[in-house]
Amino acid sequence: MYPVPGHLAFSLLCHRYFNVELISVIVGGLLPDLIDKPLDDLFHITPYGRYAMHSLTGLAIAGLVAYVLFGKQIGLAYSLGHLAHLIADADFNPWFWPFYDHQFPAGITIVDLVRAPGKILFPSWILLETSILGLVLFLYSKYAEKKTTQAAILIAIAGLSIYRITRVRPEEMAMQP
Ligand SMILES: [Zn+2]
């Protein structure tokens, strides 16, 4: 997913239901991309824009660092945000890095944000993720106090998220026979 609105929506959902510290769960939801994307796209030292921070090892290490440096509350909130990031990127993560030799898909690069935004920003995906964020924000409102309303919204969020995560990039679709 995109950092905003997709990953932000997932962090807020964790904040809403797990009662964790807001800033840390947002940082956990954004940091994997803020570290892995530049390492590949700008510095070319990793093979793909989802790398160490998009693995369970990365999650464990970063969560432990947050815990040691900032204590239990922040460590837990960070880890939850980071885990939510991996779930939102579930179409591909090198989950078992560095213990398994993952085959990385054809790369995209954040440099295209400037060079060729059409290759990286898809309006339908942005619309879907914005809808998910909108539903998450609605869960904070007084109109979503009833458990049944919340359940219906959560089912809608789950459905939209699964639909979004299983989409194939439009240009890859064009490449397929
Ligand atoms: Zn990511």
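Residues numbered from 1 in each chain as written. Predicted model: local features only at pLDDT ≥ 70, side-chain atom pairs only at ≥ 80, totals over all residues. Heavy atoms only, no water.

## What about the packing of helix 1 (residues 3-18) against helix 2 (residues 22-42)?
Helix packing geometry: the angle between the two helix axes and the distance between the axes. Contact geometry for helix 1 and helix 2: axes closest at 9 Å, N-to-C directions at 145°. Crossing geometry of helix 1 relative to helix 2 is assigned as right-handed. Residues Pro 3, His 7, Leu 8, Ser 11, Leu 12, Cys 14 and His 15 of helix 1 form the contact with helix 2, whose own contacting residues are Leu 22, Val 25, Ile 26, Gly 29, Leu 30 and Asp 33. Its residues placed into classes, the contact of helix 1 with helix 2 shows eight nonpolar, four polar and one charged. (Axes fitted to C-alpha atoms, helices over the stretch in contact; angles between N-to-C directions. Helix = DSSP H or I, 4+ residues; strand = E, 2+ residues; numbered from the N terminus. Left-handed = near helix turned anticlockwise from the far one by under 90°. Contact = heavy atoms within 4.5 Å. Nonpolar A, V, L, I, M, F, W, Y, C, P; charged D, E, K, R; others polar.)

## Looking at the coordination of the zinc ion
Donor atoms from the polypeptide that coordinate the zinc ion comprise Asp 33 (OD), His 54 (NE2), His 85 (NE2) and Asp 89 (OD), at 2.0 to 2.1 Å from the metal. The site at the zinc ion holds four donor atoms, and with the angles between them running 92 to 168°, its shape is irregular. Counting residues between consecutive donors of the zinc ion along the chain gives the motif D-x20-H-x30-H-x3-D. Judged on exposure class, the residue His 85 and its partner Asp 89 are both buried. (Donors = N, O, S within 2.8 Å, 3.2 Å for Na, K, Ca; no water. Tetrahedral: all angles 85-135°; square planar, octahedral: opposite > 155°, others 65-115°. Buried < 20%, exposed > 50% of the residue type's maximum accessible area, 1.4 Å probe, protein only.)

## What to know about the pattern of salt bridges
Counted by the stated rule, this structure contains five salt bridges. Between Arg 50 and Asp 91 there is a salt bridge, with its nearest N and O atoms 2.9 Å apart. Note that Arg 50 is positioned in the loop between helix 2 and helix 3 (56-70) and Asp 91 in the loop between helix 4 (72-88) and helix 5 (112-115), a separation of 41 residues in sequence. In this structure Asp 91 comes out as partly exposed when scored by relative accessible area, which is 46%. A salt bridge links Asp 112 to Arg 115, with the shortest nitrogen-to-oxygen separation between them at 2.9 Å. (Salt bridge = Lys/Arg side-chain N within 4 Å of Asp/Glu carboxyl O.)

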